[in-house]
Amino acid sequence: MSGTPSPVADPATAVPASPPAVRRRLPLGSLAYAVLAAALVAVAATTPLSGYALNILMQAATYAIAVIGLTVVLGLCGQINLAQAAFFGIGAYAVGLGTVDGGLNFWICLIVGLGLAVVLGAALGASTLRLGGHYLAMVTISFQQILTLVLTNWIPVTHGPDGVPNIRRPALFADGQSYLALCVLVLAIVGWLVWHMPRTRLGRAMRAVRDNELAAGVSGIDIYRTKVAAFAVGSLLAGLGGGLFAGSFTYISPDQFSFAESIVFLTMALLGGVGSPVGAVIGTALLILIPEWLRFLKEIPGLYLAIYGLAVILIVVFMPDGIWGFLGDQVRRLRRTRPAPPPAAELTLSQGEASTAPMLEVSDLSKHFGGLKAVDAVSFTVARGGIHALIGPNGSGKTTTLNVLSGLYSPTGGTVRLAGQDVTRLSPHRRAAAGIGRTFQNIRLFRSMSALENVVIGAERPNNPLGARDRAALEARARAALAFVGLEGRAEEPISGFSYGHQRLIEIARALAGNPVLLLLDEPAAGLNSSEKNALTVLLRRMAAKGLTILIIDHDMTLVSDVASHVTVLNFGRRIADGVTATVLREPAVIQAYLGEDAAAGPAASLKTDLAPV
Amino acid sequence: MMPAATPPLLEIRDLVVRYGEIEAVRGLSFSVGAGEVVTLLGSNGAGKSTTLKAISGLVRPAAGTILLEGKPLEGLKPEAIVRLGVAHVPEGRRVFPGLTVRENIMLGASNRSGLGKRALRDEVEAMFDLFPDIRRFGDALGWTLSGGQLQMVALARGLMAKPRILLLDEPSLGLAPVIVQAVFAIIAEVRRRGTTVLLVEQNARMGLSVADRGYVLETGRLVLSGDPESLWANDEIRSAYLGGRAKAEVLAAG
Amino acid sequence: MDLILQLLFTGIGIGSVYALVALGFVLIFRATNVVNFAQGEFSMVAAFLMVVFAVDLEWPYWLSLLLTIGGMALLGALFNLGVYYPLRHRSYLPVIISTIGASIFLANTTLALYGPQPQVLPPVFETQGFLLGPVFLDSQYLLIIAVTAALVAFQYWFFEHTLVGKKLQATSQDKEMAALLGIPVAGMIMLTFVYSAVLGGIAGILVAPVLFVSIQMGATIALKAFAATIIGGFGDVTGAIIGGLALGIIETFGAAYISVPYKDAFAFLVLIVFLVVRPQGLFGERVAEKA
C-alpha cells in the first residue's frame, strides 16, 4: 500500500525522486540533467550554425527564459500577468542603453536590468493587495502600455522608435556561437531552478494560493507576500531573458516589447503547458520554429498574429493544460516505485502550559452586513481541552461566527481572545500563527497536490513550536498527522483519488499538522454517511484526549451530543443557551428554536393551534 | 384529504441526487395530490431543498423519476419546467434587488405567453389584494426591503406563474416569529384558494400547521410520513432534529 | 477661457465615444460576469466595414450604415457562441485569455484582409461645423454627442419601460432565478452580446472620421473604455457614461496642457490610480445585495 506511485495531474507538483532518508547521495535526476545540459551547451558552442539558425536559436532560448517566468507567476501562483514583454523590454533596454550609451560592462547592465525588473514586478504584484482577476489583468495591461509609450516617446533617453543598435556582447562571449552557448546555459539553470521550485516552501505556498486562497490563508500562508514574490520572480526571469536577448540581436526597438509580444509569451506558455518549465520550453520552441517553417505566413501582415489569436482561444477551450500538461500524465506513470518510507511516529501536539484559564474568550461579538445583524453581541468562552459545540438552526449565525473567529470576516464589534491574547483584528494567516487551525464545511484542499503535500503545508505554519524548516522533519510530522487519521498509506496520492469522507480527514490532518491550540471545525460531519460519522466521532475523541481544544459547528445533534461536553446555542444571531450539553439540549428555548414556536394567536383560522408543545 | 382515484399531481419515485460524491437524496419516493399542501420536514442537510431543486430543474437527478401529471420532468431545463406549471420560490427569496416590487411580481408571469401589457398590469394589482402589506412598496427597489417583505414579494411572484404546483423552500428562514405568522397566514389563504403546494420547512410546527400531509427526511431518506397531528405527536420527529435516533446504532457499533 | 470651452466641447465629444464603448462593455459584464477584452475591436471592425462599403464600394451612406450594423449584430452573435458559450462555466482566467485571443484574432484578421494602411472615413456632414460664440462646434463631434445622447435615452427607455428590458436586467442580477421564472436566459445573453456589439460598432462609426481608421484604434479605445468603467464603478451603467465623459475631458485637457504624445498614458494612469486607491469607482456598489 505504501510507496505506490499514482498519476499526479500537474507535473509541476512532482515530488523528488530521492526519499528523505538518503540525503547523502546526489539526486540522480539532477545529475543526469546536469550532464544533458552540459552536452547541449557544448553542442551549441561547437556545432557550426548559419547566422540565420543562430538567430532563431538565440531567440528561442531567451524567449523561453521569459516564458518560464510566466510559468512561475501564472502557472504556479495562478496570477494573471499580461506585461511580461514589458519586463523583457526593461532587461533589454538596460543592457542596450547601458552598453551603448553608458559604455558600461555587459554584466553590470544586466544586473541593473534585473534589479529594475524585480522592483517594478514587485510593485505590480503589490497591486494584488486590492485586486485580482480582471482588475489585475487591466493593471498589468496598463503597465505594459505605459512602458511602450515611454520607450517610444522618451526619445532623449530611449532613442524612441529608432531603437538601439550596436549593442555589445560581453568580451568572453562576443562570438555568436559562444553567446548562444551562454544563453543555453542560463536557460538550463533557470529551468532546473523552476523545475524544483514547486517543492520548495515558497513554491508550495504559491501553489496553495493558486488552488485555494482561503485555505492557504488559514493554513498560515501570507497570501499577499506570496503573490508579490511570484510577480518578482516572474519579472526577474523576463528581465534576464530580455537582457540576453539584447545581446543576441545587438539591436532592439520598442515594437519588440509591445502588448502583442506579451500575448505571444502567453500563448507559448499556454500551448506548452503553463504549469511547468518543460511546457514553457516546448511551447516556445514550437511557436518559434513552426512559423519559420511556415514563413509564408509572415508575408501577409496580420495573418501570423490572427492565427495566434485563434490558437489562444482554441487552446483555452480544448487543451487548457497544454501539451506538457497532457503528456505529463503519461510520463508520471513511468516513474519507478519509491522505497517505503519509515513508519510514521505518533503525532505529538504541544498544548502549552496547563492552565485553568479559558482557551477562547468571545466577548460581545457582533457582525453586521448592512442592516442585517448576522451575529448580535454574542459572548461565550471555551475551556481548555475538550470539545465545545456551537449550534443553532439555519441562519442563526454560527458559520458567520466561525468565519469571524478564523479571520475571514472582521467583526463589527466585540473582541476575541485566544489564551489571553487579543486576536480580534489579526488576518487569517496571523491567527494560524497564533495557533488557530480550521477546517471548512465545503472542504478546501489544494487539489493539485497530494495528501502529503497538503498536510506538509499545514505543518509549515509559522510559529509552530513543533515545526521545522528541515524537509525531512516536516514530512515526518505530516506523515504522523496522516497516520493519526488513518491515511498514512496513501500519502502520495492526489486529492482527487480520495472519497469525500477521506478528504475531510485529510483536511483535519492538515490542521493537526500545524499543532494548533484551538481547532475550529466547520460542519465536519456534512456529507458523511453514518459509518463515516461514527469514525469521525472516534477521531474527535482521540484528538480531545491529546489535550486539544476543539470548537465544532454541526447540525448533526447525535454527533454533537456524543462528543461535545459543552454547547452554545445561537438563534437569530443571539446566544440563547450555553452550558453542559445534555442540559442545554433539553431546554425549552432550544427545542423551540429548532422545532418552532408555540403558535401565538394568529389571524387565519386554519392554523392549527392545538398541537401540544413538547 | 388525499384524492383516492385520481393520479397524483406530482409523483417522485426513487429519486437520487448527488453533489459530486455526496448523496444528498438517496432513493426518495412520495407524491402530492391536486389541491393538497404537503410539507417536507427535516433538519439541515436532510435533502429537502435538493428535492425541490431536482423538481424545478436546477439540479439534475442521478436516478429516479419525477412526474407532473404523468409527464417526466427529469432532464428538462428550468425554463421548460416552469412553463409546465411548476413554480419554485427558492430558499433565500432571491428577489431581484435592482428591480421594483411591481417589476419583480410582473416577471413572475414570464412562463406564460400571450399576456397583454394591460392584462399583466391588472393581474399584478390584483395580486396586491392577497398581499396588502406590500402594496405601498410597489415602486420600492428589491434591495430596500426587509426579510418578511421579500418573502411576500417572492410568494406573489411565484403565484403569478399560475402554477399547477407551487414549491416553497423554507419561507420562514431568517424571519422573526411574528413575521413568520403573517407569511404562513398567507400560505393558508393560498391553500384555501386551491393551489397545490409542496412546502419545505425546518420549522416543523409552522410547516405542519398548514399541511394536509407531511414527510420527514433525514440524510436524504424518508423516515416518517403521515398527517400533521400524528407526526407532531411522534417522538421520532424530535430525534430527527435533536439527535438521539441514531444513538443506539452508535452504541451498538461500539 | 475660450480655449477651456473648446477643450471641454472636444472632451465631451471624445468622451461620448468612450462612454458608448464602455456601455457595451458594462452590459456584457453585468449579464455574464465576463470582462470582454475584445470590445474595442467591435468598434474597429465596424469602422473598417464602413470604409469598405461607403468608400471602396461607394455605396450610399445609409446602406453602408445598415449593412455595417447588421454585420456587427452578426459578429456579436458569433462572439457569444464561439468565445463565451464554450467557457461559460469556467473560471475567469480562461475567459479573460480567450477574449484577449479573440481581440488579437479580430484585429489581425482585419489587418490580413485589408492591409496596414490607415484609412480615412469622411465625416457625415459637408459643413465642417459652425461657430457658437468663441467655440467652434465641429459637426462630427456634434453628431457624436447627439447620437450618444439618443442611444443613452433609448437604452434608458428600453431597460426601464419594456418587458424585455426588465427581463435583461433580471438575467444580469440573478441568472438562476430568472431561469426559474421562465425567462429564456441563453436568449437574453445572446441579445446582450448582439446589442453590445452594435453599440461598440456605432461608437466606431462615429469616431472614425475624427481619428484614422486603423487596426490599433480598437485596442486604444477599449482600454479607455475600461478606464471609464473603473472610474464610474465597475458594473454600473450610469457610472460608465460619466466615467467615459470624465476621461474624455481629462485626456483632452491633458493633451493640451501637458503633453500630446503621452495623451494615451493619461487613461492608463487614471486607471491605475483608481484601481489602487478606489477600485469600486465613484459610484461603487449601487445596488446593495441583501445579505
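Residues numbered from 1 in each chain as written. Chains lettered and ligands numbered in written order. Predicted model: local features only at pLDDT ≥ 70, side-chain atom pairs only at ≥ 80, totals over all residues.

A. A look at the overall build of chain A. Helix and strand content of chain A: 23 helices and ten strands. A burial count over chain A gives 53% of its 614 residues as buried. Long-range pairs, those at least 24 residues apart, make up 75% of the contacts in chain A between residues at least 6 apart in sequence. (Helix = DSSP H or I, 4+ residues; strand = E, 2+ residues; numbered from the N terminus. Buried ≥ 20, exposed ≤ 12 C-beta atoms within 10 Å, placed from the backbone. Contact = placed C-beta atoms within 7 Å.)

B. Geometry of the overall build of chain C. What chain C contains, in helices and strands, is eleven helices and two strands. Reading chain C from its N end, one meets helices and strands in the order α-α-α-α-β-β-α-α-α-α-α-α-α. Computed over its C-alpha atoms, the radius of gyration of chain C comes to 19 Å, within 12% of the 19 Å expected for a compact globule of 291 residues. Per-residue burial for chain C yields a buried fraction of 55% across its 291 residues. Sequence separation of 24 or more characterises 74% of the internal contacts of chain C that already satisfy a separation of 6 or more. (Rg over C-alpha atoms; globule rule 2.2 N^0.38 Å.)

C. Structural context of helix α11 (residues 259–272) of chain A. The terminal C-alpha atoms of α11(A) lie 20 Å apart, and with 14 residues this matches the ideal 20 Å at 1.5 Å per residue to within 8%. A:G273, located one to two residues past α11(A), shows a positive phi value of around 120 degrees. (Expected span 1.5 Å × (residues − 1).)

D. Focus on the environment of C:G165. Residue and element names in this part refer to chain C. Its place among the elements puts G165 in helix α6 (residues 163–173). Residue classification places G165 among the partly exposed positions, given that 16 C-beta atoms sit within 10 Å. Sequence separation of G165 and Q155 is ten residues, and the distance between their C-alpha atoms is 8.8 Å. Apart from residues lying up to four places away in sequence, G165 is in contact with F158, F159 and E160.

E. Region of the structure containing the packing of helix α3 (residues 84–100) of chain A against helix α5 (residues 133–153) of chain A. Residues and elements named next belong to chain A. At a minimum axis separation of 9 Å, α3 and α5 run at an interaxial angle of 35 degrees. Viewed along their axes, α3 and α5 form a crossing whose handedness is left-handed. Contact residues: α3 offers A85, A86, G89 and Y93, while α5 offers F143, Q144, L147 and L151. A per-class count over the contact of α3 with α5 returns six nonpolar, two polar and no charged. (Axes fitted to C-alpha atoms, helices over the stretch in contact; angles between N-to-C directions. Left-handed = near helix turned anticlockwise from the far one by under 90°. Nonpolar A, V, L, I, M, F, W, Y, C, P; charged D, E, K, R; others polar.)

F. Quick peek at the interface of chain B and chain C. Contact with chain B, which involves 20 residues of that partner, is made by 18 residues of chain C. Within the residue set of the side of chain B that touches chain C, elements represented by two or more residues are α2 (78–83) and α3 (101–107) of chain B. Top contributing element to the side of chain B that touches chain C by residue count: α2(B), with four residues. The residue makeup of the side of chain B that touches chain C, split by class, is ten nonpolar, six polar and four charged.

G. View of the confidence of the model for chain C. All names here are of chain C. In this model, chain C carries an average pLDDT of 86, and 96% of its residues clear a pLDDT of 70 or more. Across residues 285–291, confidence stays below pLDDT 50; counting only partners more than four residues off in sequence or on other chains, it has 17 contacts. Across the interfaces of the predicted complex, the ipTM metric reaches 0.88, alongside a pTM of 0.81. (pLDDT = per-residue confidence, 0-100.)

H. Main features of the environment of A:A483. Residue and element names in this part refer to chain A. Within the secondary structure, A483 sits in helix α18 (residues 471–484). C-alpha of A483 to C-alpha of E346: the two residues are 137 residues apart in sequence and 7.9 Å apart in space. If we ignore the near neighbours within four places in the chain, the residues touching A483 are A344, L347 and E488.

I. Region of interest: the sheet that holds strand β2 (residues 22–32) of chain B. Residues and elements named next belong to chain B. In spatial order, the strands read β2-β1-β4-β5; together these four strands make up an open sheet with antiparallel pairing. The two strands at the open ends of the sheet, each matched to only one other strand, are β2 and β5 (71–72). Bridging between strand β1 (residues 10–19) and β2 involves eight bridges; their strand directions are antiparallel. Within the sheet, the bridge partner assigned to I12 lies in β2 and is F30. Helix-sheet contacts for helix α1 (residues 48–56) involve β1, β2 and β4 (63–68), and the interaxial angle to β2 is about 70 degrees. (Pairing = 2+ DSSP bridges.)

J. Focus on the environment of A:F173. All names here are of chain A. Within the fold, F173 resides in the loop between α6 (155–158) and α7 (176–196). Along the primary structure F173 and L595 are separated by 422 residues, whereas in three dimensions their C-alpha atoms are 82 Å apart. When sequence neighbours within four positions are dropped, the list of residues in contact with F173 reads S178, Y179 and L182.

K. Main features of the sheet that holds strand β3 (residues 37–41) of chain B. Residue and element names in this part refer to chain B. The six strands are arranged β6-β7-β8-β3-β9-β10 in an open sheet whose pairing can be described as mixed. Edge positions in the sheet fall to β6 (86–89) and β10 (221–226), since each has one partner strand and no second. Averaged over all pairs of adjacent strands, the angle between their axes in this sheet comes to 20 degrees, without regard to strand direction. Pairing between β3 and strand β8 (residues 196–201): five bridges, direction parallel. Counterpart to V38 in the pairing with β8 is L198. Across the sheet, helix α5 (residues 147–160) is in contact with β6 and β7 (165–169); its angle to β6 comes to roughly 170 degrees.

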